[in-house]
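Now for the letters of each chain:
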Amino acid sequence: MPHLLPGFLLPVLEPHGSCAPAFGLSTFPSRSLVVEFQQDRVASTESLLWWTGPPLPPQTLLTTCARFLITQGRDLYPIVSYATPTYDNEFLITFSYRKQTMKFACCNGRVVLELGVNITLYKWYSVCLTVHLRAGTYSFWLNGDHDQGLLPYTGMLSELSVVGGGMLVVGQEQDTFGGGHNAEQSMAGLLADFRMYNTTVEPSLCLAFTLCLEDAVPNQVFLDLHSLNATLGASNVNVGFVEVDTNLCALSLTYDIVFPELWTFREASDLCFAMGGTVALPKSEFENKELLKLAFQFADSCPTLKTDFLWLGFEHLYETQTLVHYLTKSKLTYDKVDSSKVALRGVEDSCGTFNGDPKDMSIWFGIWQTSDCLETRCSVCHFEQFTLITLRGLCDKSYFDNKFFASMDVNGTFEYVGEYYSVIRLVLGGKKSTFGYWKLIRLDQPTVFATMERSSMDHYPTGLNNWTVHHDICDGEVVELKLTVCERGEFTCNNGACIPLFLRCNNERECPDGTDEVDCNPLIFPPFFYESVAPVIQNGSKKFLHIYFNIEILSIKSVDLSAFQFTTELVTSMQWHDGRLHFRNLNMKDKVTRLEMDTSSRSVWRPRVSFKGAEGTACDVTHRSSELFVLRKSGPTPNSMDSVLEGEVQPPSGAGGAQKIRHARGDLT
């Protein structure tokens, strides 16, 4: 177990003025000590607190309260782990972000309680758990929600007790007495107001605590965070302060990120959308000042001579001379626009900009202006809620995360942070690429990584890109991966924009980059497919294929009795099932999708029809046209994350497959 050096003093971090996720400790209006675990995001067994006081006595009444915020998911998120030489889970409280559960275990494994919870990343949760072992009861509060009941136990209720003299650890789960830590069962995030009582605290006080009301929970604790350097040791943690009030429990961690490349307003809007945000637009004087602080950090890195170097999310409408939100078109209730700074007056609509360059006269700091929407500025994206971005194309067992969120590191550099163990960062310099490359890395296994070369300075890994993968469990060194915020029933354009899936391959361009009309071949052929081989079905020693055949005679053109001939115009239709094929981009509005006969449809096996007269005499057939269709019998297959195709694939058969329909029209003599 790590130990403190003589005179060790935990570093107290100054509160940050931004709520961006990567900036660690956030500020709120009564200060409480807060501990940050795994600030570097690397899953580790070395970030923890542990009890250094006198041996803990046996307990039958216990209350544990805490406030926590998860910055990255782990298989287990241990609040407290208490082990004895004979049993590792003598007293254990953990949360599972993956399973969405809270687990309490104690008493040499004789009590195990598991409750369902609803927790997400970057949100404060206030929790209290009281247990009365001899009564066999528990009460659990999470952000004001309450659950209570009987403890599930084995053995005699009168014998239930937490054995004294053990080792208590916060932030790690012990698999052996004082050790056996697993990096995937560790705390990554913030812990505040952690306290343990050797009694059952009154329900009304626990409720008040989890609602962030006045501090009504008793102070007679036998352990809390203020015991640091007295009865708690610490390793690889940071310490600061957090303001606790009623806003903390309901807090939505909004934040802004600056992208220091030049974009038109439309490009900036598309970029923010692809990241899960919107173009920033302050709603109050406080938010405007916070944006000004952020702008100062990037004034020198944005490659423009304009002092109004950031786009803002509003438009100036010339016809009505009003300012409106660029998405909702609603009139602004707050603005900092200076009328002398509105461009293109009397010409056309213009887009909002933000003056945040300290080189400009101080009177213009934080003033809003407008400019031609086709000019270029840097973009600042606002994230009102925590949005996960999906990485498609990795196999199910990949070491990498398949969910990420936009963030900034401690230096203010943009990065994508994985839901559990990965991160995507920009690497500049070196010989790999003129513009650098994006690197996807498993932080706790740095030899597992993937790279994507940038084709330009504003090339972000959103949308579809080729990645070179190293040491992952998935097959393939160069793979296509798609980073997208699009939801089920939507198609991701290559630039990250989303359109309804039914608009894919409809011969109309909906994506800004036109990629919805690319690669529209609906056929997916399996390996070793031969168009000359019929899709027969084996049933014992018999092989057969059901073909539904129909002839429609349109007209009798002529009859020659002397030659025993007649000429007729007819249409033949056939339906059959080919279980070897899958389909994509089928028409979701209608059941039938037409295949182009002059392209890949020629590779599909099709029945051949011949006409013969009486006693096998020959017939002359004049073929006019043929069409090939796919008849959709079901919806797409389940949305698999190991494919970059988003709900586009149709099954071949079974409980809703697809049949081929061929219509041939011509004359028969």
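To start, this report covers the structure provided alongside it.

Each value, and the rule that gives it
Residues numbered from 1 in each chain as written. Predicted model: local features only at pLDDT ≥ 70, side-chain atom pairs only at ≥ 80, totals over all residues. Heavy atoms only, no water. Disulfide = S-S within 2.5 Å. Helix = DSSP H or I, 4+ residues; strand = E, 2+ residues; numbered from the N terminus. Buried < 20%, exposed > 50% of the residue type's maximum accessible area, 1.4 Å probe, protein only. Pairing = 2+ DSSP bridges. Axes fitted to C-alpha atoms, helices over the stretch in contact; angles between N-to-C directions. Salt bridge = Lys/Arg side-chain N within 4 Å of Asp/Glu carboxyl O.

All right, on to the state of the cysteines then. Evaluated as defined, the whole model comprises 8 disulfides. Here Cys493 connects covalently by a disulfide to Cys511, the sulfurs 1.9 Å from one another. Its torsion about the S-S bond being -80°, the disulfide of Cys493 and Cys511 is classed as left-handed. Of this pair, Cys493 sits in the loop between β31 (490-492) and β32 (498-500) while Cys511 sits in the loop between β32 and β33 (523-524), placing them 18 residues apart in sequence. For the pair formed by Cys493 and Cys511, the shared burial category is buried. Cys128 provides the cysteine sulfur closest to Cys206, a residue in no disulfide bond, and the two sulfurs are 4.1 Å apart. Since its relative accessible area comes to 0%, Cys206 is described here as buried.

Bringing the sheet that holds strand β27 (residues 437-442) into the picture now. Taking strand neighbours around the barrel as the criterion, the 8 strands line up as β23-β24-β25-β26-β27-β28-β29-β30 in a closed arrangement whose pairing is antiparallel. If you compare each strand with its neighbour and ignore which way they point, the axes differ by 30° on average. Relative to strand β29 (residues 463-470), strand β28 (residues 449-453) runs antiparallel, the two being bridged by 3 bridges. Looking at the pairing, Thr451 lines up with Thr468 of β29.

Going through the model one piece at a time under the given rule, you end up with 17 salt bridges. Note that Asp75 is salt-bridged to Arg98, the shortest N-O span being 2.9 Å. Linking Asp75 in the loop between β3 (61-70) and β4 (77-83) with Arg98 in the loop between β5 (91-96) and β6 (101-106), this pair joins segments that are 23 residues apart in sequence. The partly exposed category is assigned to Asp75, whose relative accessible area is 27%. Judged by relative accessible area, which is 46%, Arg98 ranks as partly exposed. Between Arg425 and Glu415 there is a salt bridge whose closest N-O contact spans 2.7 Å. On the criterion of sequence distance, the pair formed by Arg425 in strand β26 (residues 422-427) and Glu415 in strand β25 (residues 414-418) is long-range, its members being 10 residues apart. One network of salt bridges, with partners in common, ties together Arg41, Glu415 and Arg425.

Once that is clear, we can look at unusual backbone geometry. Located in the positive-phi region is His471, a residue other than glycine, with phi close to 65°. Topologically, His471 is positioned in the loop between β29 and β30 (478-484). On the basis of relative accessibility, which here comes to 57%, the residue His471 falls in the exposed class. With a phi close to 65°, Asn507 is a non-glycine residue in the positive phi region.

Let's shift gears to the sheet that holds strand β11 (residues 167-170). With antiparallel pairing, the 7 strands of this open sheet are ordered in space as β7-β6-β5-β4-β11-β2-β14. With one partner strand each, in any of the chains shown, β7 (111-116) and β14 (232-235) form the two edges of the open sheet. Each neighbouring strand pair of the sheet contributes to a mean axis angle of 15°, computed without reference to strand direction. Bridging between strand β2 (residues 48-51) and β11 involves 2 bridges; their strand directions are antiparallel. Considered in β11, the bridge of Trp50 is made with Val169.

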